[in-house]
Amino acid sequence: MVNRYWCGECTFKTPWLAEPEGLRRQTEHYAAKHPGTPPGGQVEIRRRNLARVHRPLLLVAVLLALLAAVATCRP
(Lines give C-alpha, C1' and ligand atoms only; values in the text may rest on other atoms or scores of the structure.)
Protein backbone atom coordinates (compact mmCIF):
# COMPACT_ATOMS: atom_id res chain seq x y z
CA MET A 1 0.00 0.00 0.00
CA VAL A 2 1.25 3.47 -0.75
CA ASN A 3 0.52 6.65 1.12
CA ARG A 4 1.09 10.38 0.78
CA TYR A 5 2.01 12.32 3.90
CA TRP A 6 0.85 15.92 4.33
CA CYS A 7 2.56 18.37 6.65
CA GLY A 8 0.36 19.79 9.40
CA GLU A 9 2.24 23.10 9.41
CA CYS A 10 2.55 24.02 5.71
CA THR A 11 1.55 22.80 2.24
CA PHE A 12 4.30 20.17 1.92
CA LYS A 13 3.27 16.68 0.89
CA THR A 14 5.33 13.65 -0.03
CA PRO A 15 4.89 11.79 -3.30
CA TRP A 16 3.07 8.46 -3.17
CA LEU A 17 5.46 6.20 -1.23
CA ALA A 18 5.57 3.05 0.84
CA GLU A 19 4.98 3.75 4.54
CA PRO A 20 8.61 3.63 5.79
CA GLU A 21 9.87 5.96 3.05
CA GLY A 22 6.94 8.37 3.46
CA LEU A 23 7.44 8.59 7.21
CA ARG A 24 11.18 9.15 6.73
CA ARG A 25 10.58 12.01 4.30
CA GLN A 26 7.95 13.59 6.51
CA THR A 27 10.33 13.41 9.50
CA GLU A 28 13.14 14.95 7.43
CA HIS A 29 10.80 17.74 6.29
CA TYR A 30 9.80 18.57 9.87
CA ALA A 31 13.43 18.55 11.02
CA ALA A 32 14.43 20.94 8.22
CA LYS A 33 11.42 23.26 8.02
CA HIS A 34 9.76 23.04 11.45
CA PRO A 35 12.53 22.23 14.00
CA GLY A 36 11.22 21.36 17.44
CA THR A 37 7.73 20.55 16.13
CA PRO A 38 6.75 16.88 16.25
CA PRO A 39 5.68 15.50 12.86
CA GLY A 40 1.95 15.69 12.29
CA GLY A 41 -0.53 16.29 9.53
CA GLN A 42 -2.54 13.83 7.51
CA VAL A 43 -1.91 10.54 5.76
CA GLU A 44 -3.65 10.01 2.43
CA ILE A 45 -4.11 6.37 1.46
CA ARG A 46 -4.12 5.54 -2.23
CA ARG A 47 -7.14 3.50 -3.01
CA ARG A 48 -6.92 1.06 -5.84
CA ASN A 49 -8.65 2.23 -9.00
CA LEU A 50 -11.05 -0.67 -9.59
CA ALA A 51 -12.18 0.77 -12.92
CA ARG A 52 -8.68 0.21 -14.29
CA VAL A 53 -8.70 -3.38 -13.05
CA HIS A 54 -12.17 -4.19 -14.40
CA ARG A 55 -11.83 -2.45 -17.77
CA PRO A 56 -9.85 -5.31 -19.42
CA LEU A 57 -12.30 -7.87 -18.05
CA LEU A 58 -15.20 -5.90 -19.48
CA LEU A 59 -13.47 -5.75 -22.87
CA VAL A 60 -12.96 -9.53 -22.87
CA ALA A 61 -16.62 -10.10 -21.94
CA VAL A 62 -17.82 -7.84 -24.76
CA LEU A 63 -15.55 -9.56 -27.26
CA LEU A 64 -16.78 -12.99 -26.17
CA ALA A 65 -20.40 -11.84 -26.50
CA LEU A 66 -19.72 -10.53 -30.01
CA LEU A 67 -17.96 -13.76 -30.95
CA ALA A 68 -20.94 -15.79 -29.68
CA ALA A 69 -23.35 -13.55 -31.62
CA VAL A 70 -21.36 -13.94 -34.83
CA ALA A 71 -21.08 -17.70 -34.36
CA THR A 72 -24.86 -18.10 -33.96
CA CYS A 73 -25.71 -15.85 -36.94
CA ARG A 74 -23.89 -17.95 -39.57
CA PRO A 75 -26.21 -19.22 -42.31
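Since the structure is predicted, the reported quantities are computational estimates derived from the model, not experimental observations. (Residues numbered from 1 in each chain as written. Predicted model: local features only at pLDDT ≥ 70, side-chain atom pairs only at ≥ 80, totals over all residues. Heavy atoms only, no water.)

J.: Please explain the overall build of the chain as it appears in this structure.
T.: A tally of regular secondary structure across the chain gives two helices and three strands. Each helix (α) and strand (β) of the chain, taken in turn from the N terminus, gives the series β-β-α-β-α. For the chain, with 75 residues in total, the buried portion stands at 15%. Contacts spanning at least 24 positions in sequence make up 38% of the contacts within the chain whose residues lie at least 6 apart. Accessible surface, the chain: about 6100 Å² in total, of which carbon and sulfur atoms supply 63%. (Helix = DSSP H or I, 4+ residues; strand = E, 2+ residues; numbered from the N terminus. Buried < 20%, exposed > 50% of the residue type's maximum accessible area, 1.4 Å probe, protein only. Contact = heavy atoms within 4.5 Å. Areas by Shrake-Rupley, 256 points an atom, 1.4 Å probe, with all protein chains shown as cover.)

J.: So what exactly am I meant to see when it comes to a nonpolar patch on the surface here?
T.: A surface patch of nonpolar side chains, about 490 Å² in accessible area, is lined by L58, L59, V62, L63 and L66. With respect to the secondary-structure elements, V62 resides in helix α2 (residues 50-72). Of the residues examined, V62 reaches a relative accessible area of 41% and is grouped as partly exposed. (Patch = residues over 30% accessible without salt bridge, like charges linked within 9 Å, V, L, I, M, F, W, Y side chains within 5 Å. Salt bridge = Lys/Arg side-chain N within 4 Å of Asp/Glu carboxyl O.)

J.: Looking at this structure, how should I read the sheet that holds strand β2 (residues 17-18)?
T.: Strand pairing in a sheet relies on backbone hydrogen bonds, with the paired strands running either antiparallel or parallel. Read from one edge of the open sheet, three strands run β2-β1-β3, paired in antiparallel fashion. Edge positions in the open sheet fall to β2 and β3 (42-45), since each of these has one partner strand only. In this sheet, β2 lies alongside strand β1 (residues 2-6) in antiparallel orientation, the contact comprising two bridges. Following the sheet pairing, V2 is matched in β2 by A18. (Pairing = 2+ DSSP bridges.)

J.: How should helix α1 (residues 19-33) be read in this particular structure?
T.: Given 3.6 residues to a turn, an α-helix orients residues that are three or four positions apart in the same direction. Over its 15 residues, α1 runs 21 Å from end to end, which matches the ideal 21 Å to within 8%, given 1.5 Å per residue. Looking only at α1, the buried set comprises G22, Q26, H29 and Y30. Buried residues of α1 fall within an arc of 95° about the axis and therefore sit on the same side. Turned more than 90 degrees off the buried face of α1, the exposed positions are P20, A31 and A32. The inward-facing, buried residues of α1 abut β1 and β2. (Expected span 1.5 Å × (residues − 1). Arc of directions from axis to C-beta.)

J.: Just to check I follow, could you spell out the pattern of salt bridges for this structure?
T.: A side chain of one charge can pair with a side chain of the opposite charge if their charged atoms are brought near each other. Under the counting rule described, the total for this entry stands at four salt bridges. For E21, the salt bridge goes to R25, with nearest N and O atoms at 3.0 Å. Of this pair, E21 and R25 are both found in helix α1, four residues apart, which corresponds to roughly one turn of the helix. The partly exposed category is assigned to E21, whose relative accessible area is 25%. The closest approach of N and O atoms between E28 and R24, which form a salt bridge, is 2.4 Å. With E28 and R24 both in helix α1 and four residues apart, this pair spans about one turn of that helix.

Taken by themselves, the reported measurements are silent on function.
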